[in-house]
Every structure is written in C-alpha cells, then in structure tokens.
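Below are the chains, spelled out letter by letter.
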Amino acid sequence: MQMMQNNQPPIPNPPRAITTKDILYLKDAMSWELLAFKKFHGMAQQVQNPQFKQELDKVGRMHQNHYQRILSHLQIDNNAALASLPNTQLQ
C-alpha cells in the first residue's frame, strides 16, 4: 500500500481566532494525542528490551509534545482575537 504524500506547506502560525468547529477538532486531536501518549508510556513500562523501551518512550514523548503544542495554541484570549478581526459582514 502506497502512502499518500501531503504536499501542502505547513501553516506558519495558527489563526488569530478559533471557531467552534476548530475547538471541537482540537479537542478530539488532544484526546487522540493523550491516549497515544498513555498507551506508549504503558507499553514502555512493560517491555524488558531496553531498545524497545527507549523507542516506545521516544514515541510517547512525541505524542506528549504534540498535546502540549496544541494546548499552547489554545491559550489565547479568543474574544479579544475575534474582536480584533476586521468586520466582514455586509452592512
């Protein structure tokens, strides 16, 4: 099976304001990252092989880092961000 490549450039900065739909997606993404971290951490505790343990810890830390990065994007004053956006409604 061939993997699809994502040719989109990364978004350099998150949007200034977060919509309700964005919040729901980010909540799901954080849940997935936290679950992955917990599973890899748990597996690393049970494995006897030091190389496997090291790799499982590494992957667990990666998911923990993803969780923290998502969380950092949510630590904004969304009301102020929304108020600072130009009014695009027709008057």
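Check the entry above for the structure.
Residues numbered from 1 in each chain as written. Predicted model: local features only at pLDDT ≥ 70, side-chain atom pairs only at ≥ 80, totals over all residues. Heavy atoms only, no water.

## Quick notes on the overall build of the protein chain
Then, number 1: Looking only at helices and strands, the protein chain features 3 helices and 0 strands.
Then, number 2: If you list the helices and strands of the protein chain from N to C, you get α-α-α.
Then, number 3: Per-residue burial for the protein chain yields a buried fraction of 14% across its 91 residues. (Helix = DSSP H or I, 4+ residues; strand = E, 2+ residues; numbered from the N terminus. Buried < 20%, exposed > 50% of the residue type's maximum accessible area, 1.4 Å probe, protein only.)

## Thoughts on the nonpolar core
Then, number 1: With 5 residues, the main nonpolar core is built from Ile 18, Leu 26, Ala 29, Met 30 and Ile 70.
Then, number 2: Take this core: its biggest share by element is 3 residues, from helix α1 (residues 20-46).
Then, number 3: When residues no more than four places from it in sequence are discounted, the contact partners of Ile 70 are Leu 26, Ala 29, Met 30 and Glu 33. (Core = buried A, V, L, I, M, F, W, Y, C linked by side-chain atoms within 4.5 Å. Contact = heavy atoms within 4.5 Å.)

## Considerations on the side chain of Glu 33
Then, number 1: Mapping Glu 33 onto the fold places it in helix α1.
Then, number 2: Every residue in contact with Glu 33, bar those within four places of it in the chain, is listed here: His 63, His 66, Tyr 67 and Ile 70.

## Let's talk about helix α2 (residues 50-74)
Side chains that are three or four residues apart share a direction in an α-helix, a result of its 3.6 residues per turn.
Then, number 1: Along its 25 residues, α2 runs 36 Å from first to last C-alpha, staying within 8% of the 36 Å computed at 1.5 Å per residue.
Then, number 2: Tucked inside the fold, the buried residues of α2 contact α1.
Then, number 3: Structurally, the start of α2 carries an N-cap: the backbone nitrogen of Gln 51 is 2.8 Å from a side-chain oxygen of Asn 49. (Expected span 1.5 Å × (residues − 1). Polar contact = N/O pair within 3.5 Å; in protein donor to acceptor, adjacent residues only side chain to side chain.)

## Quick word on the side chain of His 63
Then, number 1: As for its placement among the helices and strands, His 63 is situated in helix α2.
Then, number 2: Given a relative accessible area of 14%, His 63 falls into the buried group.
Then, number 3: Look past the residues within four positions of His 63 in its chain and what remains in contact with it is Glu 33, Ala 36, Phe 37 and Phe 40.

## Focus on the environment of Asn 49
Then, number 1: Tracing the backbone shows Asn 49 in the loop between α1 and α2.
Then, number 2: Overall, Asn 49 belongs to the partly exposed group, its relative accessible area being 30%.
Then, number 3: In this structure the side chain of Asn 49 is engaged in a polar contact, spanning 2.8 Å, whose partner is the backbone nitrogen of Gln 51.

## Looking at α1
Then, number 1: Across its 27 residues, α1 extends 39 Å between first and last C-alpha, which sits within 8% of the 39 Å expected from 1.5 Å per residue.
Then, number 2: Within α1, burial applies to Leu 26, Ala 29, Met 30, Glu 33, Ala 36 and Ala 44.
Then, number 3: In this structure, the buried side of α1 is in contact with α2.

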